[in-house]
Amino acid sequence: AFKVYLFFILYHHKEIAYIITSYKSRNNLSPYVEARLSKLRFVDIIVFVIDATSEEIGRGDRIILDKIIESKKKCILVINKIDLVDKAQIAKLIELYSNEYNFQAVIPISVTKNKNLDVLLDEIEAHLKPGPAYYDTEEYTDQTLRQLAE
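To keep things clear, this report deals only with the structure shown in the data block. (Residues numbered from 1 in each chain as written. Predicted model: local features only at pLDDT ≥ 70, side-chain atom pairs only at ≥ 80, totals over all residues. Heavy atoms only, no water.)

## Side note on the pattern of salt bridges
Pairs can form between side chains of opposite charge whenever their charged atoms are close. Across all of its chains, the model carries four salt bridges by this definition. A salt bridge links K92 to E55; the shortest N-O distance between them is 3.4 Å. Here K92 is found in helix 3 (residues 87-98), whereas its partner E55 is found in the loop between strand 3 (46-51) and helix 2 (59-71), with 37 residues between them in sequence. Residue K92 is classed as partly exposed on the basis of its relative accessible area of 38%. (Salt bridge = Lys/Arg side-chain N within 4 Å of Asp/Glu carboxyl O. Helix = DSSP H or I, 4+ residues; strand = E, 2+ residues; numbered from the N terminus. Buried < 20%, exposed > 50% of the residue type's maximum accessible area, 1.4 Å probe, protein only.)

Spelled out as structure tokens, the structure:
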């Protein structure tokens, strides 16, 4: 199953809008994900999130990485779930992915432990161009509660 969410946050009084896509298939991407990846030329920065427990670049991640390489856009590599692996595994992934693309930054994070999330937001903010505010400060997503609960 594939889901897309549009969220935005205020960070240092700046509005950051982002799209989260997820897919369950490890073998291919849905047409919707493919369509989103074809629009990479319109983004300021790509944040590519991988799982720290990965031993190699999986097929789905390879497809996305190839699209990032093709786009030649600035990209931050985020290694999530670092609380589940040792530092040697993180170093191995950093080397593996850094040999594939010149990332603006590589940031290991743990969402569940709230580790390095501020570093990630600071790095994203550093690459954004100034622009108008599109959303009210009290809005956090375009999704209904029902959609978020699904």
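## Focus: helix 4 (residues 117-126)
If you check which residues of helix 4 are buried, you get L120, I124 and E125. The arc that holds the buried residues of helix 4, viewed along the axis, is 135 degrees, so those residues lie on one side. (Arc of directions from axis to C-beta.)

## Side note on the nonpolar core
Core analysis: the biggest nonpolar cluster contains 18 residues, and F48, I79, Y97 and F103 have the highest contact counts within it. Aside from chain neighbours lying at most four places away, what touches Y97 is F48, I50, E56, I57, D61, L65, L77 and F103. Counting residues in hydrophobic clusters, the runner-up holds eight residues, among them I45, I76, I107 and L120. (Core = buried A, V, L, I, M, F, W, Y, C linked by side-chain atoms within 4.5 Å. Contact = heavy atoms within 4.5 Å.)

## Some points on the environment of L65
With respect to the helices, strands and loops of the structure, L65 is situated in helix 2. Residue class for L65 comes out buried when judged on its relative accessible area of 0%. Put simply, L65 and E100 are 35 residues apart on the chain and 8.3 Å apart in space, counted from C-alpha to C-alpha. Residues within four places of L65 in sequence aside, it is in contact with F48, I57, Y97, E100, Y101 and F103.

## Examining the pairing of strand 4 (residues 75-80)
Taken across its six residues, strand 4 has six buried, putting it largely inside the fold. Residues C75, L77 and I79 line one face of strand 4 and the alternating positions I76, V78 and N80 line the opposite face, and both faces are buried. Pairing of strand 3 with strand 4 involves six bridges; the strand directions are parallel. Residue I50 lies in a different strand from strand 4, and its bridge partner there is I79. In this fold, the crossover linking strand 3 to strand 4 by way of helix 2 has right-handed handedness. Bridge analysis of strand 4 against strand 5 (residues 105-108) gives four bridges, and the strand direction is parallel. For I76, the partnering residue across the bridge sits in strand 5 and is A105. (Pairing = 2+ DSSP bridges. Right-handed = clockwise from strand over helix to strand, strands pointing away.)

## Quick word on the environment of K129
By the secondary structure assignment, K129 is in the loop between helix 4 and helix 5 (145-149). Judged by its relative accessible area of 63%, K129 is exposed. Each C-alpha atom, one on K129 and one on I45, is 9.8 Å from the other, the two residues being 84 residues apart in sequence.

## Focus: unusual backbone geometry
Within the chain, K72 stands out as a residue other than glycine whose phi angle is a positive 60 degrees. Tracing the chain through its elements places K72 in the loop between helix 2 and strand 4. One non-glycine residue with positive phi stands out, namely N114, at about 55 degrees. Inspection of the secondary structure assignment puts N114 in the loop between strand 5 and helix 4.

## Concerning the sheet that holds strand 5
The three strands are arranged 3-4-5 in an open sheet whose pairing can be described as parallel. Looking at strand neighbours, the two that pair on one side only are strand 3 and strand 5, the edges of this open sheet. Strand after strand, the sheet turns through a mean of 20 degrees between neighbouring axes, direction not considered. (Axes fitted to C-alpha atoms, helices over the stretch in contact; angles between N-to-C directions.)

Note that every value here comes from positions in space, so none of it alone points to a role or purpose.
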